[in-house]
Amino acid sequence: MTERTRLAIIYGSTRPGRLCDRVVKWVARELAHYPLIDIDLIDPLEFDLPFAHNREHPGVGALSERLSDADAFIIVTPEYNHSFTASLKFVLDLVYEPWHGKPVAFVSYGGISGGLRAVEQLRLVFAELHTVTVRDTVSFANPWGRFAEDGALENPLDARKSLVLMIARLTWWSNALKPARVTRPYRSVAA
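These numbers were taken from a predicted model, which means no experiment stands behind them.

(A) Structural view of the pairing of strand β3 (residues 72-78). Within β3, seven of the seven residues are buried, which leaves it mostly tucked inside the rest of the structure. Of the two faces of β3, both are covered, the one formed by Ala72, Ile74, Val76 and Pro78 as well as the one formed by Phe73, Ile75 and Thr77. Inspection of the sheet shows strand β1 (residues 5-11) paired to β3 by five bridges, in the parallel sense. From the neighbouring strand, Ile10 faces β3, where its bridge partner is Ile75. When β3 meets strand β4 (residues 103-110), the two strands line up parallel, connected through six bridges. Residue pairing in the sheet places Phe73 in a bridge with Val104 of β4. Between the parallel pair β3 and β4, the chain is carried across by helix α3 (residues 86-94), and the sense of this crossover is right-handed.

(B) A look at the environment of Ile9. Tracing the backbone through its elements, the reader meets Ile9 in strand β1. Of the residues examined, Ile9 reaches a relative accessible area of 0% and is grouped as buried. Considering only alpha carbons, one finds Ile9 and Leu165, 156 residues apart in sequence, at a separation of 17 Å. Other than its neighbours up to four places away in sequence, Ile9 contacts Val24, Val27, Ala28, Leu31, Ile39, Asp40, Leu41, Ile42, Ile74 and Val76.

(C) Spatial organisation of the environment of Pro44. Following the sequence through the fold, Pro44 ends up in the loop between β2 (37-42) and α2 (58-69). Considered as a pair, Pro44 and Leu88 are 44 residues apart in the sequence and their alpha carbons are 8.3 Å apart. Residues within four places of Pro44 in sequence aside, it is in contact with Tyr11, Thr14, Leu49 and Val91.

(D) Molecular detail of the sheet that holds β1. Strand order across the open sheet formed by five strands is β2-β1-β3-β4-β5, with parallel pairing between neighbours. What marks the edges here is a single partner per strand, and that holds for β2 and β5 (132-141). Going across the sheet, the axis of each strand differs from the next one's by a mean of 20°, ignoring polarity. Across the sheet, helix α4 (residues 116-128) is in contact with β3, β4 and β5; its angle to β5 comes to roughly 160°.

(E) Spotlight on the packing of aromatic side chains. For the structure on display, the rule yields six aromatic pairs. Both rings, one in Trp172 and one in Trp173, keep their centres 5.1 Å apart while their planes meet at 90°; by these two values the pair is edge-to-face. Here the aromatic residues Phe73, Trp99, Phe106 and Phe126 are joined through ring pairs into a cluster of three or more. A cation sits over an aromatic face here: Arg15 above Tyr80, 3.7 Å from the ring centre.

(F) Local environment of α3. Every buried residue of α3 is accounted for by Leu88, Phe90, Val91, Leu92 and Leu94. Those residues of α3 that are buried lie in contact with β1, α2, β3 and α4.

About the criteria used
- Residues numbered from 1 in each chain as written.
- Predicted model: local features only at pLDDT ≥ 70, side-chain atom pairs only at ≥ 80, totals over all residues.
- Heavy atoms only, no water.
- Buried < 20%, exposed > 50% of the residue type's maximum accessible area, 1.4 Å probe, protein only.
- Helix = DSSP H or I, 4+ residues; strand = E, 2+ residues; numbered from the N terminus.
- Pairing = 2+ DSSP bridges.
- Right-handed = clockwise from strand over helix to strand, strands pointing away.
- Contact = heavy atoms within 4.5 Å.
- Axes fitted to C-alpha atoms, helices over the stretch in contact; angles between N-to-C directions.
- Phe/Tyr/Trp six-rings, centres within 6.5 Å; stacked < 30°, edge-to-face > 60°.
- Lys NZ or Arg CZ within 6 Å of the ring centre and 35° of its normal.

Structure follows, in C-alpha cells:
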C-alpha cells in the first residue's frame, strides 16, 4: 500500500542572491506532478532562529515542529569550499529527534563536482542523526545560468531522470519507515 508522503524540502543556503531559491523551485515544480507527495518548503531564513544553539528559542520550536511533521526530507545544498554550508550545519544541529528514523535525499549543485563532495559529508552527519540517506542524488555541475528565476531548467531531461529514480527510492523508504515509527517510536529503541 502506498501512502501520502509529507516531504520537507530544506534550503541548504542562506546567502544573499543564492542559487538555492531557483533549484528548490525546480524541485518543487517537478514534484508537483506526484499526487501522493505533500511538499513543505523549509527555508531557514523564514524562521527567527537564534545566533547561538538555544533549543528553547521559539524559532527552534517552530523549525522542530515542521521537521517533526515530515515523513522524508530532500536537502538542496550547494558546495562551498568542498563542503556544505555552515548555515545548513547550524539547522541540522539545532534539533535532534525530528530527524530520527526518516529518509533523506539530496539535490546538490556546485562547480565541477556538482556538489557531491558536500553530499558525501552530509551523509556522515545524517548517519549521526539516525536517518537513512538515499544513495541516488540529483546534482548540477556548473549550474550558473541553467536556472531561470522561476526555477525553469535548461535541458532538464537528465536531471528529471535522476529525480524520478531518487524520488522512487525516497518514497519507498518513507513508506517502509513510517509504519515502523508508528509501531515502535524510534526514541524507544535502546541498547
